[in-house]
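# Report on the structure
Take a look at the letters that make up each chain.
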Amino acid sequence: MANTRPVLKAEVRNEFGKGFARRLRVAGKVPGVVYGHAVDVLHFAVDRIELTALVRAHGVNAVFELELEGEQHLVMVKHVDQNVLTLDIDHIDLLSIKRGEKVEVEVPVTLEGEPAPGLMFIQDADVLLVEADVLNIPEEISVSIEGLEDGAVVTAGDITLPEDTTLVADAETIIASISLPEVDEELEEAAEAAEEGGAEAGAESAEETEE
């Protein structure tokens, strides 16, 4: 990850409550809070478009400088509340951090490749809990399932993690499993019945034509 961190300008928020938060959102701003050992709790408001662009560009564990009243605070995204209908960010929690610090974060897991022909895979875990340097948090962890055979299981302990990243999750956590495609017996029976019914109808039609 780059050493130059993005800077997001914000304004101090001195009013609270649902009504004030609603007015902020109508004005295109998002209320948020910074907490952690490095600072007292800070309440702020930030432009929604700028915040959304930053999170999209740098991921759910984005690390950046939050500028408040001319002072910059090194922070990382801890939690994002999204509107269930519009998916707009409604509120954001930031964690105050310091360089050289290690943090526990959930990193998205992506599967690469395809299992052996005729097999399917199930991704059992979308994220993996790891510990990493706060300035070198991996954006994602790639796991290869290329050519895996029926019954194969990939666990957290099987994954080769990026440098300076250690596993926090249980090593036995299942990430992906490989198996034969499941057959829905009821659908299969219905298809067979329909096929038999079609054959019988065809035979009856042929008999009527001969008569």
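Above this note sits the structure.
All residue numbers here refer to positions counted from 1 along the written sequence of the relevant chain. For a predicted model such as this one, the threshold for reporting local features is a pLDDT of at least 70, and the threshold for listing and counting side-chain atom pairs is 80 or more; totals across whole chains, interfaces and linings nevertheless cover every residue. The side-chain figures draw on all heavy atoms in the structure; neither hydrogens nor water molecules are used.

### As for the pattern of salt bridges
In what follows, salt bridge is the name for a side-chain nitrogen of Lys or Arg lying within 4 Å of a carboxyl oxygen of Asp or Glu. Under the counting rule described, the total for this entry stands at 3 salt bridges. Among the ionic pairs, Glu11 bridges to Lys29, the shortest N-O distance being 2.9 Å. A residue pair is termed long-range when its members are at least 10 positions apart, and Glu11 in strand S1 (residues 7-12) and Lys29 in strand S2 (residues 29-35) qualify at 18 residues. Accessible area is worked out with a 1.4 Å probe on protein chains only. A residue is then buried under 20% of its type maximum, exposed over 50%, and partly exposed in between. Classification of Glu11 by relative accessible area gives partly exposed; the value is 38%. Lys29 sits in the partly exposed class, given a relative accessible area of 27%. Here Arg99 ties to Glu65 by a salt bridge, and the two come within 3.1 Å at their closest N and O atoms. We count a stretch as a helix when DSSP gives it H or I for four or more residues in a row; a strand needs E for two or more, and each element gets its number in order from the N terminus.

### Section: the pairing of strand S6 (residues 89-96)
Burial runs high along S6: 7 of the 8 residues are buried. In this analysis, strands are considered paired if DSSP registers two or more bridges between them. Once strand S5 (residues 71-82) ends, the chain turns through 6 residues before running back antiparallel as S6, passing Leu87 with a positive phi of about 65°.

### With respect to the sheet that holds strand S13 (residues 174-179)
Strand order in the open sheet formed by 3 strands is S8-S13-S11, and the pairing between neighbours is antiparallel. The open sheet terminates on both sides in strands that have one partner only, identified here as strand S8 (120-123) and strand S11 (153-155). Strand-to-strand twist in this sheet, taken as the mean axis angle between neighbours without regard to direction, amounts to 10°. Sheet topology note: the S11/S13 ladder contains 3 bridges and is antiparallel. Pairing of Val153 across the sheet is with Ser177, part of S13. Every angle, taken between N-to-C directions, lies between 0 and 180 degrees, and every axis is a line fitted to C-alpha atoms, over only the stretch in contact when it is a helix.

### Brief notes about the nonpolar core
What we call a nonpolar core is a set of buried Ala, Val, Leu, Ile, Met, Phe, Trp, Tyr and Cys residues that are connected through their side-chain atoms within 4.5 Å. Of all hydrophobic cores here, the largest spans 23 residues; its most connected members are Val63, Met76, Leu128, Ile137 and Ile175. Of all the elements in the fold, those that place two or more residues in this core are S5, strand S7 (102-112), strand S9 (127-133) and strand S10 (141-144). In what follows, a contact means two residues having at least one pair of non-hydrogen atoms within 4.5 Å. Non-local contacts of Met76, meaning those with residues more than four positions away in its chain, are made with Asn61, Ala62, Val63, Asp93, Leu94, Leu95, Ile97, Val103, Val105, Val134 and Ile137.

### Comments concerning helix H1 (residues 18-26)
Every buried residue of H1 is accounted for by Phe20, Ala21 and Leu24. Seen end-on, H1 carries its buried residues on one side only, within an arc spanning 100°. Exposed positions of H1 whose direction lies more than 90 degrees from the buried face are Lys18, Arg22, Arg23 and Val26. The first or second residue beyond H1 is Gly28, which carries a positive phi of 85°. Regarding the arc, it is the one traced by the directions from the helix axis to the C-beta atoms.

### Concerning unusual backbone geometry
Even without being a glycine, Glu69 presents a positive backbone phi close to 50°. Here Glu69 lies in the loop between strand S4 (63-68) and S5. Residue Leu87 is not a glycine yet carries a positive backbone phi of 65°. Inspection of the secondary structure puts Leu87 in the loop between S5 and S6. You can call Leu87 exposed: its relative accessible area is 55%.

On their own, these measurements won't tell you what the molecule is for.
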